[in-house]
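Commentary on secondary and tertiary structure
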Amino acid sequence: MSGIAAGLTGFAVLLSLMAIRIPIGVAMLAVGIGGYGLWTGTAPLLAFLKTSTYYQFSTYSLSVIPLFVLMGEFATRAGMSRALYRTAAAFLGHRKGGLAMASIGGCAAFGAICGSSLATAATMGQVALPEMRRYNYSGALATGSLAAGGTLGILIPPSVILVLYALMAEQSIARMFVAALVPGVLAALGYMAAVAIFVRRNPEDGPAGPRATWSERLGALRETWTLILIFALVIVGMYRGWFTPTEAAAVGAFGTGILAVLHGGMRLSGIADCLRGTATTSAMIFLILLGAESFNAFLAQTRTPMLLADAIRNSGLAPMLVLLAMLLLYLLLGCVMDSMSMLLLTIPIFYPIIGGLDFGMPREETLIWFGILAVVVVEVGLITPPVGMNVFVINGMAKDVPMIESFRGVLPFLVSDIVRIAALVAFPFITLGLVRFLG
């Protein structure tokens, strides 16, 4: 069997294991170890296993993951979602569909602290759903806006998904975070525009609420200035070189922890719960990383990524056509897989191919641009039928809303996503402009 045939066979076996609901970390570990052993023999496999796990988890850069996860746990406990929603509602709630727009704004702000789409959707849903239902918002608009807004959690930095991509593609975490800022803001604005168009066609689905006074608006802003400070400190400090990414995550976790104690009323039991939640999530991520390392080592032995990259370079296909094919594959995978699984499964194969194509920019910029595009398309998968994990989370909280109604509610946001993806593909400067400006 040729190397590329062995690699593609391993990929097919991996997909088969996932189809029968084997956890992706376990599936990648099994296929990676089995494929490596069959391809190289027992002695090289044992030598790889002897050193791989230690070197994988003793890497200093990986310590950023549990710290950002802890930051998100503290943010959830601190009641930040309520303050952020109140602030957004004070400025937008008097408009038609304003509470749905406020939910999206609150999700964007909370995602900047939390970094998890599912946690953002679930936490903001607890705050915003009762308010929207109280003002007689339709089930489609209420659940659709929250499910779509929740996807901002993995795009707006700090984000664990961006960290994982940066580590796998050997890119700067700080530059990835900066590159995600403008696309993240565009995503939030695009979703708000989708709400405005939705309620223009169906005014009864999102009636206007009462107008807040300026004193109420300023009072709401005073509750959130600390969050803005923590976000700015983490991002600016990391990019300016004041902190390493791990130190920035530690500063963010410490700041949100203080807020959780002082403003959220968190006590020792709450701290213990946050630590347990962080340990559980981090262990799951690290198991997936170990599986990905084993699977990637198997692919490297078969030289599948390099052979595919050479084949595509020599095929004469336009680089943009190759990129569009990859993005289409992400959209299809998003119908059946979660975001982290998609990235960890495909990035080892895709990034050598993309890095070897000529898009008229340096290789590092190309990989940063592709990373943001990949995360954006993966984000769309969170609200794409039939899986749409964010839709299931929000619909589970709104038990009186039929699932078909929730999926109907996300359709305007999917249109917004397609327009945004087209803009990011056509104009790389949207993603890379801020990175280039900050140098």
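A brief report on the enclosed structure follows. Being a predicted model, the structure only gives us computed values, none of them experimental.

1. What to know about the packing of aromatic side chains
Tallied over the entire structure, the rule returns 8 aromatic pairs. Here the aromatic rings of Tyr36 and Phe48 are separated by 4.8 Å at their centres, their planes lie at 15°, and the arrangement is stacked. Of this pair, Tyr36 sits in helix α2 (residues 24-40) while Phe48 sits in helix α3 (residues 42-57), and the two are 12 residues apart along the sequence. With relative accessibility at 8%, the residue Tyr36 sits in the buried group. Its relative accessible area of 13% is what places Phe48 among the buried residues. On the numbers, 6.4 Å between centres and 50° between planes, the contact of Phe295 with Phe298 is tilted. Linking Phe295 with Phe298, this pair stays in helix α13 (residues 268-302), spanning 3 residues, or about one helical turn. Taken as a pair, Phe295 and Phe298 share a single burial class, namely buried.

2. Description of the packing of helix α5 (residues 80-92) against helix α6 (residues 98-114)
At a closest axis distance of 8 Å, the pairing of α5 and α6 adopts a crossing angle of 140°. By the criterion of interaxial angle, the relationship of α5 to α6 is oblique. The two elements α5 and α6 cross, and the hand of that crossing is right-handed. Within the contact between the two elements, α5 uses Met80, Ser81, Leu84, Tyr85, Ala88, Ala89 and Leu92 and α6 uses Gly98, Leu99, Met101, Ala102, Ser103, Gly106, Ala109, Phe110 and Ile113.

3. Notes on the environment of Ile104
Within the secondary structure layout, Ile104 lies in helix α6. Once the C-alpha coordinates of Ile104 and Ala147 are considered, the two residues, 43 residues apart in sequence, prove to be 9.2 Å apart. Excluding residues within four positions of it along the chain, Ile104 makes contact with Ser145, Gly149, Leu152, Ala188, Tyr191, Met192, Val195 and Phe413.

4. Let's talk about the packing of helix α7 (residues 117-134) against helix α8 (residues 139-150)
As a packed pair, α7 and α8 sit with axes 8 Å apart at the nearest point and diverge in direction by 155°. Considered as vectors, α7 and α8 are oriented roughly antiparallel to each other. In this structure, the crossing between α7 and α8 has a hand that is right-handed. In contact with Ser117, Thr120, Ala121, Met124, Gly125, Ala128, Leu129, Met132 and Arg133 of α7, α8 contributes Gly139, Ala142, Thr143, Ser145, Leu146 and Gly150. Across the contact of α7 with α8, the residue classes tally to 7 nonpolar, 7 polar and 1 charged.

5. Some details on α7
Its 18 residues give α7 an end-to-end C-alpha distance of 25 Å, which sits within 8% of 26 Å, the value for a rise of 1.5 Å per residue. Considering bend angle alone, the principal kink of α7 is centred on Gly125 and spans about 45°. Within α7, the full set of buried residues consists of Ser117, Thr120, Ala121, Thr123, Met124, Gly125, Val127, Ala128, Leu129 and Met132. On its buried face, α7 sits against α4 (64-77), α5, α6, α8 and α18 (389-397). A positive backbone phi angle near 65° is found at Asn136, which sits one or two residues after α7.

So, how was this worked out
Residues numbered from 1 in each chain as written. Predicted model: local features only at pLDDT ≥ 70, side-chain atom pairs only at ≥ 80, totals over all residues. Heavy atoms only, no water. Phe/Tyr/Trp six-rings, centres within 6.5 Å; stacked < 30°, edge-to-face > 60°. Helix = DSSP H or I, 4+ residues; strand = E, 2+ residues; numbered from the N terminus. Buried < 20%, exposed > 50% of the residue type's maximum accessible area, 1.4 Å probe, protein only. Axes fitted to C-alpha atoms, helices over the stretch in contact; angles between N-to-C directions. Parallel < 35°, antiparallel > 145°, perpendicular 65-115°, else oblique. Left-handed = near helix turned anticlockwise from the far one by under 90°. Contact = heavy atoms within 4.5 Å. Nonpolar A, V, L, I, M, F, W, Y, C, P; charged D, E, K, R; others polar. Expected span 1.5 Å × (residues − 1). Bend = angle between axes of the 7 residues up to and from the residue.

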